[in-house]
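Geometric and topological summary
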Amino acid sequence: MSLLVIGSTGTLGRQIVRKALNEGFQVKCLVRSFRKASFLKEWGAELIYGDLTLPETIPLALLGVTGVIDCSTTRPSDLYSVKLIDLKSKYILIESAIKAKVSRFIFFSILTEDNYRDIPLINLKLLVENRLKSSNLKYTIFKLTGFFQGLITQYAVPILEQDSIWITREDSLIPYINTQDVAAVTIKSLSIIQFINKALPLVGNKSWNSLEIIELCQKISGKRPKISRVPIYLLRFMTYITKMFQWTWNISERLAFIEILSIGYSYNISMKEILYILKMNLKDIESLELYMQEYFQSIMKKLKELNYESLNNNSSVGKTDF
């Protein structure tokens, strides 16, 4: 099977490409910059120029492709491109896949997005889902929550650098998952008929709120975090104000996502049935505890090496060779 991966240089996309190549798939990557995507070529993928903001570049990229995996999405800070990238271009991608007679189409959406239709990006995800469901494509929609990788910049790095971590009440319990596990399940699903024309959750094996993640990072790193709380009423007021001006829409979008964490929603969803079909078990899905442990150990090791090199360099200063 020949796969076209959209969003291949992103956090999830690169893991999809690596896993697919390791499993023997031919992989093409739609990229805007060959330089920035050069590492994908080194892995063994074929790079094809394409830009979702230039929809006319999409159809040619599908020549000879039997499966499409769409990992692309717009960042909340780039709200001006949302409608172009996450709606118009996605519709063209789907129509092009139909004409190219693509046999499988995989799309990544957001879990329980029905509760947050007022957030533009999430609403657009729903529209793309509906278009896929009404097409004659054999699709699979995987619904995600959050990635382990995103928690590094949100919690781990500020703790190491002794910066403030801004949170609200944030009672929501989120089953974060490693992108490597998402990639493993995604590639396995391509050969399983039970995944065709289904919308399925892809989540971690345990749910966490913000304070629990902060406590985990503190326990592993041994560093006390600086926590700054923002009242929910102030957050909502800021969201309302920033929606009034076009130049602050990106701020409004980010604030809206933060408010999702404050609603107090609990994702009581299990992947047991999916893992059973894939002949996997919960132990095959990495835990956040293990992921953070490996991250902090790696960082601490690098810091010790840097300190050791610095000490050696300092000790050699002033020495004279005879």
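Residues numbered from 1 in each chain as written. Predicted model: local features only at pLDDT ≥ 70, side-chain atom pairs only at ≥ 80, totals over all residues. Heavy atoms only, no water.

As named in an unreviewed UniProt entry, the protein is NmrA-like domain-containing protein, taken from Digenea simplex. The Subcellular location (unreviewed entry) comment attached to the protein in UniProt states, word for word, "Plastid". (UniProt positions renumbered as here; feature names shortened; annotations may be inferred.)

Within this structure, the stated rule accounts for 5 aromatic pairs. Between the aromatic rings of Phe108 and Phe142, the centroid separation amounts to 6.1 Å while the plane-to-plane angle is 25°, which identifies the pairing as stacked. Here Phe108 is found in strand β5 (residues 104-110), whereas its partner Phe142 is found in strand β6 (residues 139-144), with 34 residues between them in sequence. With respect to class, Phe108 is no different from Phe142; both count as buried. Arranged with centres 5.1 Å apart and planes meeting at 50°, the rings of Phe148 and Tyr291 form a pair that is tilted. One end of the pair, Phe148, is in helix α6 (residues 148-160); the other, Tyr291, is in helix α12 (residues 288-316), and 143 residues separate them in sequence. Accessibility classification places Phe148 together with Tyr291 in one group, the buried group. Put simply, the rings of Phe108, Phe142 and Phe195 touch in pairs and so form one group of aromatic residues. Across the ring face of Trp43, the terminal group of Arg18 is positioned such that the distance to the ring centre comes to 4.0 Å. (Phe/Tyr/Trp six-rings, centres within 6.5 Å; stacked < 30°, edge-to-face > 60°. Helix = DSSP H or I, 4+ residues; strand = E, 2+ residues; numbered from the N terminus. Buried < 20%, exposed > 50% of the residue type's maximum accessible area, 1.4 Å probe, protein only. Lys NZ or Arg CZ within 6 Å of the ring centre and 35° of its normal.)

The subject of this paragraph is the nonpolar core. Considering soluble globular proteins, one finds that nonpolar side chains tend to be buried as a cluster. One finds Ile16, Val27, Ile69 and Phe108 to be the most contacted residues of the largest nonpolar core, which totals 40 residues. What Phe108 contacts, discounting residues up to four positions off in sequence, is Leu12, Ile16, Ile69, Asp70, Cys71, Lys125, Phe142, Leu144, Val182 and Thr186. Of all hydrophobic cores here, the second largest spans 23 residues; its members include Leu52, Leu62, Phe107 and Val128. (Core = buried A, V, L, I, M, F, W, Y, C linked by side-chain atoms within 4.5 Å. Contact = heavy atoms within 4.5 Å.)

Below, the discussion takes up the pairing of strand β7 (residues 164-167). Side chains Ile165 and Ile167 project from β7 onto a buried face, and the interleaved Ser164 and Trp166 project onto a face without burial. Of the pairings in the sheet, the one linking β7 to strand β9 (residues 226-229) comprises 4 bridges and is parallel in character. Counted as the bridge partner of Trp166 is Ser228 from β9. (Pairing = 2+ DSSP bridges.)

So, about the environment of Leu202. Note on placement: Leu202 falls in strand β8 (residues 198-202). You can call Leu202 buried: its relative accessible area is 0%. Between the alpha carbons of Leu202 and Lys143 there is a distance of 5.8 Å; along the sequence they are 59 residues apart.

Right, let's talk about the environment of Ile98 for a bit. Along the chain, Ile98 turns up in helix α4 (residues 82-99). Distance from Ile98 to Ser135, taken between C-alpha atoms, is 7.8 Å for residues 37 residues apart in sequence. Setting aside its immediate chain neighbours within four residues, Ile98 contacts Arg131, Ser135, Asn136 and Leu137.

Taken in spatial order, the 7 strands line up as β3-β2-β1-β4-β5-β6-β8 in an open sheet, and their pairing is parallel. A strand with exactly one partner marks an edge of an open sheet, and here the two such strands are β3 (46-49) and β8. Between one strand axis and the next, the sheet turns by 25° as a mean value, whatever way the strands run. Examined bridge by bridge, strand β1 (residues 2-6) and strand β4 (residues 67-70) share 4 bridges and lie parallel to one another. The residue of β4 that forms the bridge with Val5 is Ile69. On the sheet, helix α7 (residues 179-189) packs against β1, β4, β5, β6 and β8 and is oriented at approximately 150° with respect to β5. (Axes fitted to C-alpha atoms, helices over the stretch in contact; angles between N-to-C directions.)

Moving on, we get to unusual backbone geometry. In most cases, non-glycine residues show a negative phi, while peptide bonds are predominantly trans. Residue Lys101 is not a glycine yet carries a positive backbone phi of 55°. By the secondary structure assignment, Lys101 is in the loop between α4 and β5. Exposure remark for Lys101: the relative accessible area of 74% places this residue in the exposed category. Although it is not a glycine, Asn197 adopts a positive phi angle of roughly 55°. Among the residues examined, Asn197 registers a relative accessible area of 38% and is labelled partly exposed.

Turning next to a nonpolar patch on the surface. On the surface, Phe34, Tyr49 and Leu54 cluster together into a nonpolar patch covering about 270 Å² of accessible area. Tracing the sequence through the fold places Phe34 in the loop between β2 (26-31) and α2 (38-43). (Patch = residues over 30% accessible without salt bridge, like charges linked within 9 Å, V, L, I, M, F, W, Y side chains within 5 Å. Areas by Shrake-Rupley, 256 points an atom, 1.4 Å probe, with all protein chains shown as cover. Salt bridge = Lys/Arg side-chain N within 4 Å of Asp/Glu carboxyl O.)

Next up on the list: α7. Counting buried residues in α7 gives 9 out of 11 residues, a clear majority hidden from the surface. Within α7, burial applies to Thr179, Asp181, Val182, Ala183, Ala184, Val185, Thr186, Ile187 and Ser189.

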